[in-house]
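Notes for the structure review
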Amino acid sequence: MKNKIYLRVNTDLKASPQVLSWFEQMNQPPIPDKKIWWQCQTLMMEGFTNIVEHAHRKLPIETPIEIEAVRLDKYIEIRIWSQGEPFDLERKLQQTSEFEDNEQERGRGLKIMSVIADKLSYEPTGDNRYCLFISKYY
């Protein structure tokens, strides 16, 4: 089984409900473990929010964010393309305190994503963009 969907939205947190509604297609047929599906939704929204608030913070609201989700037999992949400045995900994760020690609101989303995702990366693409890649087994 393979299901692939694509969405393009502006750099705007007001698009969050649209992103979440669009992503619901990935849960057909429903993933038996509701906790896993909740984690997938969390990964999608944390990823989208991070792109809007960090990668695109200096860019116009019209700057597109492209999102692709693929459901395969045992896992879901999410790709979110951004046009922001370079960002070293691994280094940022190493610099961010664990949840218990993290009093700041910043950086927690990345930590949450790194804990619940099975794979997480942020890599440059050949077209001067970056791709946030998230994979979650179910």
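Before reading further, recall that the structure is shown in the block above.
Summarised in this report is the structure supplied together with it.

What counts as what
- Residues numbered from 1 in each chain as written.
- Predicted model: local features only at pLDDT ≥ 70, side-chain atom pairs only at ≥ 80, totals over all residues.
- Heavy atoms only, no water.
- Helix = DSSP H or I, 4+ residues; strand = E, 2+ residues; numbered from the N terminus.
- Buried < 20%, exposed > 50% of the residue type's maximum accessible area, 1.4 Å probe, protein only.
- Contact = heavy atoms within 4.5 Å.
- Phe/Tyr/Trp six-rings, centres within 6.5 Å; stacked < 30°, edge-to-face > 60°.

Let's talk about the side chain of E68
You can see E68 is positioned in strand β2 (residues 64-71). Residue E68 is classed as buried on the basis of its relative accessible area of 13%. Those residues in contact with E68, other than ones at most four positions away along the chain, are K4, I5, Y6, W22, E77, I78, R79 and W81.

Some points on the packing of aromatic side chains
Scanning the model with the defined rule gives four aromatic pairs in all. With a centroid separation of 6.4 Å and an interplanar angle of 35°, the aromatic rings of W22 and F23 are classed as tilted. The same class applies to W22 and to F23, which are both buried. The interplanar angle of 55° and the centroid separation of 5.2 Å between the aromatic rings of Y75 and Y137 together place this pair among those described as tilted. Of the two residues, Y75 sits in strand β3 (residues 75-82) while Y137 sits in strand β5 (residues 130-137), which places them 62 residues apart along the sequence. Pairwise contacts between aromatic rings join W22, F23 and W37 into one cluster.

Regarding helix α4 (residues 108-116)
Within α4, the full set of buried residues consists of G109, L110, K111, M113 and I116. Looking at the buried side of α4, the elements it contacts are α2 (34-55), α3 (89-95), β4 (119-124) and β5.

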